[in-house]
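If you want the building blocks of each chain, they are given just below.
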Amino acid sequence: MPNLLIVGPPGAGKGTQAARIAEALGVPAVSTGDIFRQNIKDRTELGERVSAILDAGEYVPDSLTNELIDDRLAQADAEQGYLLDGYPRTAGQVEFLDGVNLRRGEQLDAVIRLVAETDEVVRRLLARAQEQGRSDDTEEVIRHRLEVYERETAPLIAIFAERGLVVEVDGIGAVDDVTERILAGLAERGIAA
Ligand code: ADP
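Throughout this description, residue numbers start from 1 for each chain and increase along the sequence as written. Only residues with pLDDT of at least 70 get local features here, since the model is predicted, and only at 80 or more are side-chain atom pairs given and counted; chain-wide, interface and lining totals rely on the full set of residues. Side-chain measures were taken over the full set of non-hydrogen atoms in the model, leaving aside hydrogen atoms and water.

Participant: I'd like a rundown of empty space enclosed by the protein, residues and numbers included.
Facilitator: Both cavities and pockets are sets of points on a 1 Å grid over the protein atoms alone; in a cavity a 1.4 Å probe fits but cannot get out, in a pocket the set is open with protein on both sides within 12 Å along at least five of seven lines, and lining residues sit with an atom within 4 Å of a point. Grid points are joined across faces, edges and corners, and a volume is the space filled by probe spheres set on the points. Under the counting rule described, the total for this entry stands at 1 cavity of 30 Å³ or more. Roughly 80 Å³ of volume is contained in the largest cavity. Around the largest cavity, the lining residues are Ile 6, Val 7, Gly 8, Lys 14, Gly 86, Tyr 87, Pro 88, Arg 89, Tyr 149 and Thr 153. Only DSSP runs of H or I covering at least 4 residues are called helices, and only runs of E covering at least 2 are called strands; the numbering of each starts at the N terminus. At the level of elements, β1 (3-7) and α7 (139-153) are the ones that each hand at least two residues to the lining of the largest cavity. In this classification, the charged set is Asp, Glu, Lys and Arg, the nonpolar set is Ala, Val, Leu, Ile, Met, Phe, Trp, Tyr, Cys and Pro, and all remaining amino acids, among them Gly, are polar. Of the residues contributing to the lining of the largest cavity, the split by class is 5 nonpolar, 3 polar and 2 charged.

Okay, structure coming up:
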């Protein structure tokens, strides 16, 4: 079973596609954003610590995020592989994940890069704000999240490209079509159910 990442700007559709791809390949989709939001909802200690950070559109400190991922990937359902959504987002997180994989005696198999233009992602995030009422989907915070993404996370794609891992997929179009493109791109690398 493969070890996969899905990367792309906020609003590119990572969460939607991650759930579908994970299901098709039989690995768990692990979204750090979803885990943080669940903790905030459940009013856990972690939730209390990260709530204001998410609302501001900033990144949670690596120390907290890395520990969370370490625990999550140690669970039984991730023993045979995983699809990470929203992690790693910083250079420190890339390094930490390399360490986790080394300990598992494994490596990353592919990085799905979902491509979408800024205008389109802002439009989608504002629409989602109306549907879901996510507290970090206001126009000001959206703009800030995109800036943080461009500064901290977009440059990391070069690291994965150097390793020859990147599967680039156009994120614009019908949800089913995008899923098909991703599965086709993975199949080309011998990653299939
Ligand atoms: P999106 O990619 O649409 O902005 P996510 O659900 O992936 O949404 O993330 C929401 C928020 O959760 C981020 O803005 C950040 O505050 C926090 N977060 C999620 N993943 C990470 C991470 N790997 N490192 C630091 N913060 C994170």
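Participant: Mind laying out the site of the ligand, listing which residues take part and the relevant values?
Facilitator: By convention in these notes, a residue is near a molecule or strand provided one of its non-hydrogen atoms lies within 4 Å of it. Near the ligand, the surroundings consist of 19 residues, among which Thr 32, Arg 37, Glu 58, Gly 86 and Arg 145 are the closest. Two N or O atoms form a polar contact when they lie within 3.5 Å of each other; inside protein one atom must be a possible hydrogen donor and the other a possible acceptor, and for residues adjacent in sequence the pair counts only when both atoms belong to side chains. At a separation of 3.3 Å, an oxygen atom of the ligand approaches a polar side-chain atom of Lys 14. Within the contact set of the ligand, a nitrogen atom lies 2.9 Å away from a side-chain nitrogen or oxygen of Arg 89. Areas reported here follow the Shrake-Rupley algorithm with a probe of radius 1.4 Å; residue values treat only the protein chains shown as occluding. Here the ligand, which alone exposes 550 Å², has 97% of that area covered by the protein.

Participant: How would you sum up helix α5 (residues 91-104)? Please name residues and give values.
Facilitator: Taking 1.5 Å per residue as the helical rise, α5 with its 14 residues ought to reach 20 Å, and the 20 Å between its terminal C-alpha atoms agrees with that figure. Of the positions making up α5, those classed as buried are Gln 93, Val 94, Leu 97, Val 100 and Asn 101. One side of α5 holds all its buried residues, which, seen down the axis, span an arc of 120°. More than 90 degrees from the buried face of α5, the exposed residues found are Glu 95, Leu 102 and Arg 103. Given the number of residues in a helix, its expected span is that number minus one, multiplied by 1.5 Å. For every residue, the accessible area obtained with a 1.4 Å probe (protein chains only) is divided by the maximum for its type, and the residue is called buried under 20%, exposed over 50%, and partly exposed between those limits. What the arc covers is the set of directions going from the helix axis to the C-beta atoms.

Participant: So what's going on with the side chain of Thr 32? Which residues, and what values?
Facilitator: The topology assignment puts Thr 32 in helix α2 (residues 32-41). When its relative accessible area of 2% is taken as the criterion, Thr 32 is described as buried. One polar contact links the side chain of Thr 32 to the main-chain carbonyl oxygen of Gly 86, over a distance of 3.0 Å.

Participant: Describe the layout of surface pockets, and please don't skip the residues or the numbers.
Facilitator: Taken as a whole, the largest pocket holds about 1,000 Å³ of empty space. Along the walls of the largest pocket sit 43 residues, with Pro 10, Gly 11, Lys 14, Arg 128 and Arg 134 positioned nearest its centre. Elements supplying a minimum of two residues to the lining of the largest pocket: α1 (14-25), α2, α3 (45-56), α6 (118-132), α7 and α9 (175-188). A total of 8 residues in the lining of the largest pocket trace back to one element, the largest contributor, which is α6. For the lining of the largest pocket, the residue count by class is 14 nonpolar, 15 polar and 14 charged.

Participant: Describe the nonpolar core, and please don't skip the residues or the numbers.
Facilitator: The biggest cluster of nonpolar side chains holds 23 residues, and the ones touching the most others in it are Leu 83, Ile 112, Ile 182 and Leu 186. Secondary structure elements with two or more residues in this core: β1, α1, β4 (110-115), α6, α7, β5 (166-170) and α9. Looking at which element gives the most residues to this core, the answer is α1, with 4 residues. Contact criterion: two residues are considered in contact whenever any of their non-hydrogen atoms come within 4.5 Å of each other. Not counting chain neighbours up to four residues away, the residues in contact with Leu 83 comprise Leu 4, Leu 5, Ile 6, Ala 18, Ile 21, Ala 22, Val 27, Pro 28, Ala 29, Val 30 and Ile 112. For the purposes of this section, nonpolar cores are sets of buried Ala, Val, Leu, Ile, Met, Phe, Trp, Tyr and Cys residues that join through side-chain atoms within 4.5 Å. If you look at the next biggest cluster of nonpolar residues, it comprises 19 residues, including Leu 5, Ile 69, Val 111 and Ile 157.

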